[in-house]
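Here are the chains, one letter per residue:
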Amino acid sequence: MNKPFKIGIAGLGTVGAGVVKILTKHADVISSRAGRDIEIIAVSARNKDVDRGVDLSGFYWVDDARDLANYDGLDAVIELIGGDSGIAAELVSSALDNSRHVVTANKALVAHHGYALAKKAEDNGVSLAYEAAVAGGIPIIKSMREGFAANEINAVYGILNGTCNYILTVMRESGRGFDEVLKDAQDLGYAEADPAFDIEGVDAAHKLCILTSIAFGVKPDFDALQNDGKIQGITKVNASDIAYATEFGYRIKLLGIARSIDGKIMQMVEPCLVPVSSPMGGVEDVYNAVYVDGDFVETSLLTGKGAGEGPTASSVVADIIDLARGFDIPTFGIEADKLKDASWVNMGETSSRYYLRFSVIDKAGVIADISSILKGQNISIESLSQRGHDEGRSVPIVIISHESKHAEMIKAVSLIKELESCTDNPCLMRIEEL
Ligand SMILES: NC(=O)c1ccc[n+]([C@@H]2O[C@H](COP(=O)([O-])OP(=O)(O)OC[C@H]3O[C@@H](n4cnc5c(N)ncnc54)[C@H](OP(=O)(O)O)[C@@H]3O)[C@@H](O)[C@H]2O)c1
């Protein structure tokens, strides 16, 4: 038997404790699969005295997690603290400097600093593994870097945040509003006490940024997503939009989409309408799904639980087993020096069918004003319906457009908003025929 593969674990929360649990429970089978024992040598977290539901008595306790970076005899450091700066970032960076492999579930860190860390790993002859960072238990990083390696990828998109998918599912099933359902999700432990990263789309954007890098061989560039306003969460989706979408045969899903268009990349995170009958339309509750479109493989859908102790720790342990076997693959599928700077599609030039909803005062001539604005922006209407009739009062109008240019649709929405009869902020969502 080969000598044991020795690891130190930083962070013993949901994921860290789960990793200890799996490595303890499945020690024998993991050892056979890895070809050697995997030994936890040292662990670290903020508070030594917390009962974490796992037996830590056989491991050295390290007060400052950063000390694991040069802890004697470790082959790999498992970073399960989180955050794109601070202790987690310092630990990962110095562990790689010290030629220790790193396994992390930290999507924020990989999305923000992936390129520099990949270079550091290569310069020091070690690996940075992060399967658990994207879509929890779904082996999407392995699939993209290995399984689909023969293909030119046309697109990768998915439901990448389980909290948002849960909220949208419950809003549809119960007809309740966003705030109320978010509160339930927090009570059930599906949403963090501070849910901003989830509901504002930032968490999904971190994951999309990583997938984009592997799919198209470009440096991960989170700022390009954020600074260009390509991240929208679900906070503005209301119960009536969900009900109207259902009437038209659609579900509303928070999608992360990356597509290659004429050598440039289109990248965005937005709530979109997808057909109920499509594979994405059937992915509900806390489930994630990632769709990959390659030139030879055509389309593949991977689905499963995107978060939680078991699924996430399962992916972390899979990475540890790979490293123990001596498996080595560049962080983003190709050497860091070969990753290109992406050239991004101008979103205004993209086109789509759209769902548009706004409220107007119910009076003669309003529909004609709206139709004229849409016509002026070259937008043709597939269907327009006024929901109810209440002379002189505000009523919702729902429009489904034919394929329209994004810039023209945005212009039309801003002109509709300026109409005296328009009483609220219009809601605009793409319709993605996935
Ligand atoms: N939870 C999920 O479903 C999930 C899914 C995918 C990816 N992830 C990623 O996995 C990572 C861990 O998430 P988690 O849910 O397990 O978080 P968590 O439950 O909040 O656990 C974080 C752990 O880090 C420790 N920690 C925090 N600050 C520290 C510091 N300054 N020094 C040392 N230890 C520190 C905490 O110590 P104490 O316990 O002593 O406070 C805790 O054990 C994050 O990057 C997250 O994005 C999580």
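Reading the values: rules and limits
- Residues numbered from 1 in each chain as written.
- Predicted model: local features only at pLDDT ≥ 70, side-chain atom pairs only at ≥ 80, totals over all residues.
- Heavy atoms only, no water.
- Helix = DSSP H or I, 4+ residues; strand = E, 2+ residues; numbered from the N terminus.
- Buried < 20%, exposed > 50% of the residue type's maximum accessible area, 1.4 Å probe, protein only.
- Domains from an automatic or database assignment.
- Buried area = accessible area lost by both parts, 1.4 Å probe.
- Salt bridge = Lys/Arg side-chain N within 4 Å of Asp/Glu carboxyl O.
- Polar contact = N/O pair within 3.5 Å; in protein donor to acceptor, adjacent residues only side chain to side chain.
- Nonpolar A, V, L, I, M, F, W, Y, C, P; charged D, E, K, R; others polar.
- Near = heavy atom within 4 Å.
- Areas by Shrake-Rupley, 256 points an atom, 1.4 Å probe, with all protein chains shown as cover.
- Expected span 1.5 Å × (residues − 1).

S.K.: Sorry if this is basic, but what is going on with the environment of A27 here?
M.R.: Relative to the assigned elements, A27 resides in helix α2 (residues 27-34). Residue classification places A27 among the partly exposed residues on the basis of a relative accessible area of 37%. Each C-alpha atom of the pair A27 and D37 lies 7.5 Å from the other, and the pair is ten residues apart in sequence.

S.K.: Honestly, the domain arrangement of the chain in this entry has me stumped. Any pointers?
M.R.: One can read the domain layout of the chain as domain 1 (5-133), domain 2 (140-305) and domain 3 (349-431). The centre of domain 1, based on its C-alpha atoms, is set 28 Å off from the matching centre of domain 2. When domain 1 packs against domain 2, close to 1100 Å² is buried across both sides, 64% of that on carbon and sulfur atoms. Among the residues domain 1 hides against domain 2, the three largest losses belong to A111, Y130 and E131. Together they make up 46% of the total. Residue D203 is joined to K107 by a salt bridge in which the shortest nitrogen-to-oxygen separation is 3.3 Å. Here domain 1 is connected to domain 2 by five residue pairs in polar contact (both at pLDDT 80 or more). Tallying contributions element by element places helix α4 (residues 107-123) first for the side of domain 1 that touches domain 2, with seven residues. Grouping the constituent residues of the side of domain 1 that touches domain 2 by class yields seven nonpolar, two polar and two charged.

S.K.: Sorry if this is basic, but what is going on with the site of the ligand here?
M.R.: The environment of the ligand is formed by 21 residues, the closest being L12, V15, N47, R52 and G308. At 2.9 Å from an oxygen atom of the ligand is found a main-chain nitrogen or oxygen belonging to T14. The backbone of G308 places a nitrogen or oxygen atom 2.7 Å from an oxygen atom of the ligand. Against a free-state accessible area of 890 Å², the protein chains account for coverage of 76% of the ligand. A breakdown of the residues in the shell around the ligand according to their chemical character gives ten nonpolar, eight polar and three charged.

S.K.: Teacher, can you tell me more about helix α12 (residues 309-325) here?
M.R.: Residues lying three or four places apart along an α-helix face the same way, a consequence of the helix completing one turn every 3.6 residues. Given a rise of 1.5 Å per residue, 17 residues ought to cover 24 Å, and the 24 Å separating the end C-alpha atoms of α12 matches this to within 8%. Turning to α12, its buried residues are T312, A313, S315, V316, V317, D319, I320, I321, D322, L323 and A324. In the stretch just after α12, G326 is the one whose phi turns positive, near 90°.

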